[in-house]
Amino acid sequence: MLAGVAASSGGPAFAQSTLTPDEALEAMMDGNKRFIAGQLQSLNEDLSILKAKTAEKQEPFAAVLSCADSRVPVEYVFDQSIGQLFVVRVAGNIATPEITASLEYGIAVLGAKVLMVLGHSNCGAVKAAMEAKPVPGQIGALYAPLWPAVNAAGNNLETAIDENAKIQATLLSRTSTVIAQAIQEGKLKVVAGRYDIATGVVSLLGEAR
């Protein structure tokens, strides 16, 4: 059904934001500064009005692939409210086919201008992949997508976390025709970022090419 929506529209279904990719990224980073300073604006917005405006459609200006870690509250981190961020979360912020499909929807149909892959300090998923210890259930399925970063970083956990965010951003920008086309047309910027759990600071790690 989602594919049908995108195909029939010939582009974004909703002409969402007038922001450029650079302006969208700036809005996210400005929000992070407010979060660090304890000056959140999103909590002061009238939620009843926001809910009414977003009941029939969503128009996020940015998409975020984040780790599922409960210490990374993405909307708070960027001081954004209902309908402003299209967030996809999975342990290790890895770009599986299902995750990629969800992000493609956020970009091709909803019109997100920025896609950020957001890693975070002390990531348990990356640490587990590095240690490669036996785990219960299907948790081990997370290891393989994380090994390229682990191998590139040696035994340094924090370096592996950063490498993973950059690798996943590159994978998305190169393997998804939807994302690659949006980048080529100047409609999208794909970046890797790192969230520091202790300080709340989001640091940009570079733009995917």
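The structure under discussion appears in the preceding block.
Residues numbered from 1 in each chain as written. Predicted model: local features only at pLDDT ≥ 70, side-chain atom pairs only at ≥ 80, totals over all residues. Heavy atoms only, no water.

Engineer: How do you make sense of the overall build of the chain when you look at a structure like this?
Structural biologist: Counting its regular elements, the chain contains 9 helices and 5 strands. Against the 2.2 N^0.38 benchmark of 17 Å for 209 residues, the chain shows a C-alpha radius of gyration of 17 Å, consistent with a compact globule. Along the first, second and third principal axes, the C-alpha set of the chain runs to 45 × 40 × 30 Å. Burial statistics for the chain: of 209 residues in total, 42% are counted as buried. Within the structure as shown, the chain displays about 10,300 Å² of accessible surface, and the carbon and sulfur contribution to it stands at 55%. (Helix = DSSP H or I, 4+ residues; strand = E, 2+ residues; numbered from the N terminus. Rg over C-alpha atoms; globule rule 2.2 N^0.38 Å. Buried < 20%, exposed > 50% of the residue type's maximum accessible area, 1.4 Å probe, protein only. Areas by Shrake-Rupley, 256 points an atom, 1.4 Å probe, with all protein chains shown as cover.)

Engineer: What's the story with the environment of Leu50 in this structure? I'm lost.
Structural biologist: Tracing the backbone through its elements, the reader meets Leu50 in helix H3 (residues 47–54). When the C-alpha positions of Leu50 and Ser81 are compared, they lie 8.3 Å apart, and in sequence the two are 31 residues distant. Every residue in contact with Leu50, bar those within four places of it in the chain, is listed here: Glu45, Ser81 and Ile82. (Contact = heavy atoms within 4.5 Å.)

Engineer: Can you help me understand the packing of helix H6 (residues 124–131) against helix H8 (residues 157–175) in this one?
Structural biologist: Angle between the axes and distance between the axes are the two parameters that describe a pair of packed helices. Across the interface, H6 lies against H8 with an axial gap of 10 Å and an inter-helix angle of 110°. Of the possible angle classes, the one that applies to H6 and H8 is roughly perpendicular. When you trace H6 past H8, the crossing you get is right-handed. Between H6 and H8, the residues in contact are Val126, Lys127 and Met130 and Leu157, Ala160, Ile161 and Asn164, respectively. Looking at side-chain class alone, the contact of H6 with H8 contains 5 nonpolar, 1 polar and 1 charged residues. (Axes fitted to C-alpha atoms, helices over the stretch in contact; angles between N-to-C directions. Parallel < 35°, antiparallel > 145°, perpendicular 65-115°, else oblique. Left-handed = near helix turned anticlockwise from the far one by under 90°. Nonpolar A, V, L, I, M, F, W, Y, C, P; charged D, E, K, R; others polar.)

Engineer: Would you explain the state of the cysteines in this entry?
Structural biologist: In protein structure, a disulfide is the covalent linkage between the sulfur atoms of two cysteines. Going through the model one piece at a time under the given rule, you end up with 0 disulfides. With no disulfide partner, Cys67 has as its closest neighbouring cysteine sulfur the one in Cys123, 4.2 Å distant. Cys67 sits in the buried class, given a relative accessible area of 4%. (Disulfide = S-S within 2.5 Å.)

Engineer: What am I meant to see in the pattern of salt bridges here?
Structural biologist: Any two side chains of opposite charge can pair, so long as their charged atoms come close to each other. What the rule picks out here adds up to 9 salt bridges. Across the pair Glu131 and Lys133 runs a salt bridge whose closest N-O atoms are separated by 3.9 Å. Overall, Glu131 belongs to the partly exposed group, its relative accessible area being 39%. Asp162 serves as the salt-bridge partner of Arg194, at 2.7 Å between the closest nitrogen and oxygen. One end of the pair, Arg194, is in strand S4 (residues 189–195); the other, Asp162, is in helix H8, and 32 residues separate them in sequence. Three or more residues are tied together by salt bridges with common partners; here these are Asp22, Lys189 and Glu207. (Salt bridge = Lys/Arg side-chain N within 4 Å of Asp/Glu carboxyl O.)

Engineer: Is there a simple way to think about the pairing of strand S3 (residues 114–120) in this case?
Structural biologist: The two faces of a sheet get side chains in turn, since along a regular strand they alternate between them. Counting buried residues in S3 gives 7 out of 7 residues, a clear majority hidden from the surface. Taken together, the 5 bridges between strand S1 (residues 62–66) and S3 define a ladder with parallel strand orientation. Opposite Ala63, over in S3, you have Leu115 as the bridge partner. (Pairing = 2+ DSSP bridges.)

Engineer: Even after reading the chapter, I still don't get the sheet that holds S3, so can you show me in this structure?
Structural biologist: Pairing in this open sheet of 5 strands is mixed, and the strands run S2-S1-S3-S4-S5 from one edge to the other. Every interior strand has two partners, whereas the edge strands, strand S2 (85–89) and strand S5 (202–207), have only one. For this sheet the average axis-to-axis angle between neighbouring strands, irrespective of direction, equals 25°. When S1 meets S2, the two strands line up parallel, connected through 5 bridges. Counted as the bridge partner of Ala63 is Phe86 from S2. Sheet strands touched by helix H2 (residues 21–37): S1, S3, S4 and S5. Its angle to S3, the strand with the most contacts, is close to 35°.

Engineer: For this particular structure, what's the right way to read unusual backbone geometry?
Structural biologist: Glycine aside, the phi torsion of most residues is negative, and most peptide linkages are trans. Phi at Asp79 takes a positive value of approximately 50°, unusual for a residue other than glycine. As for its placement among the helices and strands, Asp79 is situated in the loop between helix H4 (74–77) and S2.

Engineer: Where do I start with the environment of Val64 in this structure?
Structural biologist: Structurally, Val64 is set in strand S1. Relative accessible area serves as the criterion here: at 0%, Val64 is assigned to the buried category. Spatially, the C-alpha atoms of Val64 and Val117 are 5.9 Å apart, while their sequence positions differ by 53 residues.

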